[in-house]
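Reading the structure
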Amino acid sequence: MASTEQTIEYASGNEMAAIAARQIGYDLMGYYPITPSTQIAENLDQMRAQGQTDLIMIAAEGEHSAAGICYGASVGGGRVFNATSANGLLYALEQLPVQSGTRYPMVMNVACRTVSGPLSIKGDHSDIMYMLNAGWIIFFAHSAQEVYDFNLMALKLAEQVRLPAVVAFDGFFTSHQKRRCKRFANDDSVRAYIGRRSEPHPFFDFEHPLTVGSYMNEPDLIRNRHELHLAMNEAAAALPTLFCEYAAHSGRSYEAVEGYCHEDAETLLIVLGSSFDTALEAVDLLRGQKKKVGVLTLHLLRPFPYEELCSKCRSARRLLVADRQDSYGAGGGNLSLEVRAALQRAGLTLAVKSVVYGLGGRDFYVEDALRMFAMAEDSDTPDFDYYGIERADSPTPTPCRSEFFAPLTRERTQLGLTQVSEKDGKAVVQGGQLGATTQIPKRIAPGHGACPGCGIPVNLNLLLRAIEDPVVLLFQTGCGMIVTTPYPKTSFKVPYLHNLFQSGAATLSGLAEMCCRKQQKGELPPGDILFIMVSGDGGMDIGMGSAIGTALRGHKLLLFEYDNGGYMNTGYQLSYSTPKGARSATSHVGKTQYGKSFFHKDMPQIMAATGIPYVATAAESDPADFIRKAAKAAWYAKTQGTAYLKALSACPLNWNDKPESERSVIAAAVDCCFFPLYESERGNTTLNYDPGEKNKKIPVLDWLSMMGRTKHLLREEYHDIVEELQNEVDRRFLCLKEKSANPYL
């Protein structure tokens, strides 16, 4: 029986992680949205808006910075929390050994997901295995209940041995599936169980100043690593007591290795995560057939519980280890390699086979577990193989490539409709009329999966109508990429490449330089090819460093940003371009919170500060201006260096307005000066449209009132927030007017 009062929650793993974090009373969370872990931050932000927690939540511009934020707060003596997945974990990876090597505890939840590429957001274990050598304690939960319980135990253990800890669980399975769970009714019960954090060497002790992260050589570095090794051993020794104390506190008993019908099993299946619950049913079915089978799962990957594992395998004659990832070239996934090493260490000579299964979130059914048990007992089954591959009965013939459209050759696109020349140090556009440019063949096919009213295809088509040269497109991860390239289909009639948010501009610069190299060597025909990066959905937050580096190097390419004001592809979390006061999944509205708390980022001015030859803004509400600027951006990208063009892009789903009204919403953003139309050529700014001179200027509140995400700002209680936003919008616009009037600004 539990000795402490508990209550029932019908919740998912992500929700239970957030509840645990709230009850623990963490000081700070540094985070960046990434599916499928984002719900943890979303739930905590909602709790914060409702006044249920005073957790400081810092939305970083990427996971690498989120990890740095957490590290800094840990050094400062705070209790710190984070959550991530997949490539987000890999992006943060460089920071993680820093935290363990300097022995600062914290807890990070990892909703396990496929590592790109190719891009997939479904769940497997290819991310968490990168953590094995990071020096972090790693719990692995196979249920939402365990996510809650392990979050509490992880922090207690982390602070006891001074190591950071991970709580991992299956993305989209454990993270999203709701289950009946128990939690402690009172937050004080949780905090009493964990205890107060003790800091033996406070960083903010100015009488005894501390240096953290010194430069080390041998023998100091090897001593540091040995101490980390001893700390992990200390964690292993502390686990039995930790489990016993938690059982007394909660009534729920855990071991490092959980088994079912393993005591007399001759055949054992070993799986991680949610597959364990499915395998239990297969064991029951086979036991009904008098077959001695059982299943094991691990609750810890670090420290690896080799003694507990081997003790539960002693009656077995054969094992099959199922990995939801592969350590390519090693003859098995990391779990199977660790199991084999543990058995060898214990002197157990069992027949061990391993399979890789369930990659990319492929479901695992009872029938799959039954087949795996059969594979374990079949002498013809290889020691290592992939499970679930659909193999043809005969060799696959060479596929015929069907052409669904005529190739967009240079002759088909260079129609002479838009010409750009240079005059007085500036680009001058001739032609480019709206009606004429419709003759340019579309580089994007009509078929795509964008939401009704989405501004992305509208803006892309306007951009490409002005460009008659052959184009190569690179899309950063985002809605624009996801809705156009669902394998094995594509919406693109031109060469297309995808890379992640943080590396898009750098990748395109390498591609552009290689094209130039091949043309110089005569391996490609001469002629202009325009390289265009398409970014949005917060891509210029996490990808800003790469974009600035590309701009400073001056590669000849065009950076095009469709700014929809949020991380829309992950369900609309705040980005740095979200308007102040706007509601999002990580800037809720409640009694202690009014939406996003800081002003939107002025990315065009940031890019202008790099000194690139052309920066401009455009809007679908003025298509003629859009096409003219696209033509100029293309000319500068071909002849001078990096160009940057930004368009405000509607998102009816998350702006919470109507698809048919988006053009008027965009126009209102321009007329209230939130999104001014201007260009900067070789450092000289030109304001293309002043709504005040046209008697069209409107208050910012008029624009905010058109979208559900900002309608709450109409309430009198938010008057000061609206006034602050209005003043900042006016200040930025006046700066532009001054720059436009003075060529030296």
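Structure shown above.
What this report covers is the structure whose coordinates are included nearby. (Residues numbered from 1 in each chain as written. Predicted model: local features only at pLDDT ≥ 70, side-chain atom pairs only at ≥ 80, totals over all residues. Heavy atoms only, no water.)

1. What about helix H19 (residues 544-553)?
Among all positions of H19, only Ser546, Ala547, Thr550 and Ala551 are buried. Angularly, the buried residues of H19 cover 135 degrees about the axis, an arc narrow enough to put them on a single face. For H19, the exposed residues set more than 90 degrees away from the buried face come down to Gly545 and Leu552. At its buried positions, H19 is contacted by helix H17 (504-520), helix H18 (539-542), strand S21 (558-563) and helix H20 (603-608). Within two residues after H19, Gly554 carries a phi angle of roughly 80 degrees, on the positive side. (Buried < 20%, exposed > 50% of the residue type's maximum accessible area, 1.4 Å probe, protein only. Helix = DSSP H or I, 4+ residues; strand = E, 2+ residues; numbered from the N terminus. Arc of directions from axis to C-beta. Contact = heavy atoms within 4.5 Å.)

2. Description of the sheet that holds strand S15 (residues 384-386)
The strand order across the open sheet formed by six strands is S9-S11-S10-S13-S14-S15, and the pairing between neighbours is mixed. Only two strands of the sheet have a single partner each, and these edge strands are strand S9 (257-260) and S15. With direction set aside, neighbouring strand axes in the sheet form an average angle of 20 degrees. For strand S10 (residues 267-270) and strand S11 (residues 293-298), the ladder comprises four bridges, and the chain directions are parallel. Across the sheet, Leu268 pairs through a bridge with Gly294, a residue of S11. Each of S10, S11, strand S13 (318-323) and strand S14 (351-356) touches helix H11 (residues 334-346); the most contacted strand, S13, lies at about 150 degrees to it. (Pairing = 2+ DSSP bridges. Axes fitted to C-alpha atoms, helices over the stretch in contact; angles between N-to-C directions.)

3. Thoughts on the packing of aromatic side chains
One pass over the structure, following the stated rule, counts 19 aromatic pairs. Cluster of aromatic residues (ring-pair linked, three or more members): Tyr148, Phe184, Tyr193 and Tyr246. Looking at Arg162, its charged tip hangs above the ring of Tyr104, at a distance of 5.6 Å from the centre. Over the aromatic face of Phe598 sits the side chain of Lys596, whose NZ or CZ is 4.3 Å from the ring centroid. (Phe/Tyr/Trp six-rings, centres within 6.5 Å; stacked < 30°, edge-to-face > 60°. Lys NZ or Arg CZ within 6 Å of the ring centre and 35° of its normal.)

4. Some points on empty space enclosed by the protein
Tallied over the full model, the rule gives six cavities of 30 Å³ or more. The volume enclosed by the largest cavity comes to roughly 80 Å³. Along its surface, the largest cavity is lined by 16 residues, and Gly538, Glu561, Asp563, Ser575 and Ser577 are the ones closest to its centre. Top element by residues in the lining of the largest cavity is S21. It accounts for three residues. Each residue belonging to the lining of the largest cavity can be placed in one class, and the counts come to three nonpolar, seven polar and six charged. (1 Å grid on protein atoms, 1.4 Å probe; cavity = no way out; pocket = protein on both sides within 12 Å on 5 of 7 lines; lining within 4 Å. Points joined across faces, edges and corners; volume = space filled by probe spheres on them. Nonpolar A, V, L, I, M, F, W, Y, C, P; charged D, E, K, R; others polar.)

5. A look at the environment of Gln52
Note on placement: Gln52 falls in the loop between helix H2 (38-49) and strand S3 (56-59). Given the relative accessible area of 42%, Gln52 is considered partly exposed. Separated by 30 residues in sequence, Gln52 and Arg22 place their C-alpha atoms 7.8 Å apart. Those residues in contact with Gln52, other than ones at most four positions away along the chain, are Arg22 and Met47.

Purely geometric stuff here, so don't read any function into it on its own.
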